[in-house]
Amino acid sequence: MSVEDLLLHFDYDEHDEKQFYLPGDVLRGKVFLHLRMSLRVRTMSLHVQGGAAVSWEVPGKKKIYSAREVYLQGVIKMVDAGADHPLLLDRGVHEFTFYYQLPPDLPSTYSGIYGSVSYVAKVILDPEDGASATVTSEPFMVFRRPALPPDTFADKDLKPARCLWAS
């Protein structure tokens, strides 16, 4: 098999220690493809998916209720050479950069007893030979900040105070 490794790496803001994205942020990163020998590639795509799943059972009725909702579904073609003219990639490590604009209305990542909201990025490599088809995936977190009342950001008139402590 020609593919030694296929890695997906997210680039977060280097000046911030956060390991999550906010709704409306640009999901960005790199895909590293390590080949043992040259490979003809038809397509390589990044699939970005997110959704919610809930499930619960009503005690005594033995009936399970469940539902799913899709919040995010997109594809970025990183290589799109087609079946007629596959791209020849030489032996070694190849790096592909990606950017994907997240929608501004995504809910936060969540995991609970009755449900979850999760997001994942998946890379699918489709080579000409078909035998070297490779898939890798990596979850990412979305954090939606709660809406605050407008007066939260208004200027405040602070006055110094003195406190006396007695023991």
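The structure under discussion appears in the preceding block.
Residues numbered from 1 in each chain as written. Predicted model: local features only at pLDDT ≥ 70, side-chain atom pairs only at ≥ 80, totals over all residues. Heavy atoms only, no water.

## Description of the pairing of strand β8 (residues 115-127)
And step 1. Covered by surrounding structure in β8 are Gly115, Val117, Tyr119, Ala121, Val123, Leu125 and Pro127 only, the residues Ser116, Ser118, Val120, Lys122, Ile124 and Asp126 on the alternate face being uncovered.
And step 2. Connecting strand β7 (residues 110-111) to the next strand, β8, in antiparallel fashion are 3 residues.
And step 3. Across 7 bridges, β8 lies against strand β9 (residues 134-140) in antiparallel orientation. Across the sheet, residue Leu125 finds its bridge partner in β9, namely Thr134.
And step 4. If you look at the hairpin formed by β8 and β9, you'll find 6 residues sitting between the two strands, and Gly130 has a positive phi there, around 75°. (Buried < 20%, exposed > 50% of the residue type's maximum accessible area, 1.4 Å probe, protein only. Helix = DSSP H or I, 4+ residues; strand = E, 2+ residues; numbered from the N terminus. Pairing = 2+ DSSP bridges.)

## Concerning the pattern of salt bridges
And step 1. Taken as a whole and judged by the stated rule, the model has 5 salt bridges.
And step 2. Arg40 is paired through a salt bridge with Glu128; the nearest N and O atoms lie 3.9 Å apart. In this pair, Arg40 is assigned in strand β3 (residues 39-58) and Glu128 in the loop between β8 and β9, connecting sequence segments 88 residues apart.
And step 3. Relative accessible area serves as the criterion here: at 39%, Arg40 is assigned to the partly exposed category.
And step 4. The closest approach of N and O atoms between Asp126 and Arg42, which form a salt bridge, is 3.0 Å. Here Asp126, found in strand β8, pairs with Arg42, found in strand β3; they are 84 residues apart in sequence, far enough to count as distant. (Salt bridge = Lys/Arg side-chain N within 4 Å of Asp/Glu carboxyl O.)

## Observations concerning the sheet that holds strand β1 (residues 3-10)
And step 1. With antiparallel pairing, 3 strands are arranged side by side in an open sheet as β1-β2-β6. Since the sheet does not close on itself, it has two edges, and those belong to β1 and β6 (92-101), each with one partner. Neighbour-to-neighbour, the strand axes of this sheet turn through a mean angle of 15°, independent of strand direction.
And step 2. Bridge count between strand β2 (residues 26-35) and β6: 10 bridges; the pairing is antiparallel. Of the residues in β6, the one forming a bridge with Gly29 is Phe98. (Axes fitted to C-alpha atoms, helices over the stretch in contact; angles between N-to-C directions.)

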